[in-house]
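Residue-level structural notes
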Amino acid sequence: MYIPTLTVDNDTERIFRNLIAYEEINHGPSIVMDYARLMDCLINYADDVALLCDAGIIDNRLGTKEEVANMINKLNDYVHLSAANFYYSQLFLDVDKHCSRLLNRCKVKLRQTYFQIPWDWVLISIAAATILLILGLLQTMFSVLAYFKGAN
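Every chain's residues receive numbers from 1 upward, in the order its sequence appears when written. Local features are withheld for residues below a pLDDT of 70 in this predicted model, meaning they are given only at 70 or higher, and side-chain atom pairs are given and counted only at 80 or more; totals for whole chains, interfaces and linings count all residues. Side-chain metrics rest on all non-hydrogen atoms present in the structure, leaving aside hydrogens and water.

Comments concerning the overall build of the protein
Counting from the N terminus, the helices are DSSP H or I runs at least four residues long and the strands are E runs at least two residues long. Check the secondary structure of the protein and you find 7 helices and 2 strands. Counting helices and strands in the order they occur from the N terminus, the protein gives β-α-α-α-β-α-α-α-α. Based on C-alpha atoms, the radius of gyration is set beside the globule rule, defined as 2.2 Å times the residue count to the power 0.38. Rg of the C-alpha trace for the protein: 27 Å, well past the compact-globule value of 15 Å for 152 residues, more than 25% over. Across its three principal axes, the protein shows a C-alpha extent of roughly 100 × 35 × 20 Å. Burial classification: accessible surface area is computed with a 1.4 Å probe over protein chains only, and a residue below 20% of its type maximum counts as buried, one above 50% as exposed, and the rest as partly exposed. The burial tally for the protein puts 23% of its 152 residues in the buried class. Contacts: residue pairs with any heavy atoms within 4.5 Å of one another. Sequence separation of 24 or more characterises 66% of the internal contacts of the protein that already satisfy a separation of 6 or more. Computed with the Shrake-Rupley method and a 1.4 Å probe, the accessible areas treat only the protein chains shown as cover for residues. Accessible surface computed for the protein: about 11,600 Å², of which carbon and sulfur atoms make up 62%.

Listed below in structure tokens is the structure:
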């Protein structure tokens, strides 16, 4: 799956609204309206914008992530959306198929259940355990050496 990068700046909302108005009047294919609906489905909160920015789907030049989320969520207000001939329907079907696989659902459940701890604490714990293991091995080695030196 590929979603092209959307650069969001001060003019993005105006351009989207003009293109959506043109598509509504023209009664042709509604690619921009459908793209706005796709982005609206992906974005509900500022965290969603952050995730899409990290993935390279959104280039935020507008300001805060909250502003981008609000702008995207308001694009389809007062717009007549048709379910027929939705341009991104195959993408929705592919995502639904991917999410409905048992293995993918199990991986998500495992990640949400067991891997929600901060990774910096995990790394500190692994480093501490490694140091303790090395010190334990050194103590054992010196104990064995002392035993054999004392036996001679």
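Observations concerning the packing of aromatic side chains
Any two rings among Phe, Tyr and Trp, with Trp reduced to its six-membered ring, count as a pair given centres within 6.5 Å; such a pair is stacked if its planes are under 30 degrees apart, edge-to-face if over 60, and tilted if neither. What the rule picks out here adds up to 6 aromatic pairs. Taking 6.2 Å as the distance between ring centres and 65° as the angle between the ring planes, the aromatic pair formed by F86 and Y88 counts as edge-to-face. Relative to Y88, the ring of Y87 lies with its centre 5.0 Å away and its plane at 85°, an arrangement referred to as edge-to-face. Taking the relative accessible area as the measure of exposure, Y88 reaches 18% and is therefore buried. Ring pairing ties together the aromatic residues F16, Y35, F86, Y87, Y88 and F92, which thus form one cluster.

A few points about helix α4 (residues 65-74)
Two residues of an α-helix separated by three or four positions point the same way, owing to the 3.6 residues in each turn. Among the residues of α4, those classed as buried are V68, A69, M71 and I72. Mapping the buried residues of α4 onto a view down its axis gives an arc of 165°, with all of them on the same face. The reported arc concerns the directions from the helix axis to the C-beta atoms and nothing else.

Let's talk about a nonpolar patch on the surface
A patch consists of residues whose relative accessible area exceeds 30% and which take part in no salt bridge; residues with like charges are grouped when within 9 Å of each other, and nonpolar side chains (Val, Leu, Ile, Met, Phe, Trp, Tyr) when within 5 Å. When a carboxyl oxygen of Asp or Glu is within 4 Å of a side-chain nitrogen of Lys or Arg, the pair counts as a salt bridge. On the surface, a cluster of nonpolar side chains totalling about 800 Å² of accessible area is made up of I131, L132, I134, L135, L138, M141, F142 and L145. Among the secondary structure elements, L135 is positioned in helix α7 (residues 119-151). The exposure class of L135 is partly exposed, given its relative accessible area of 49%.

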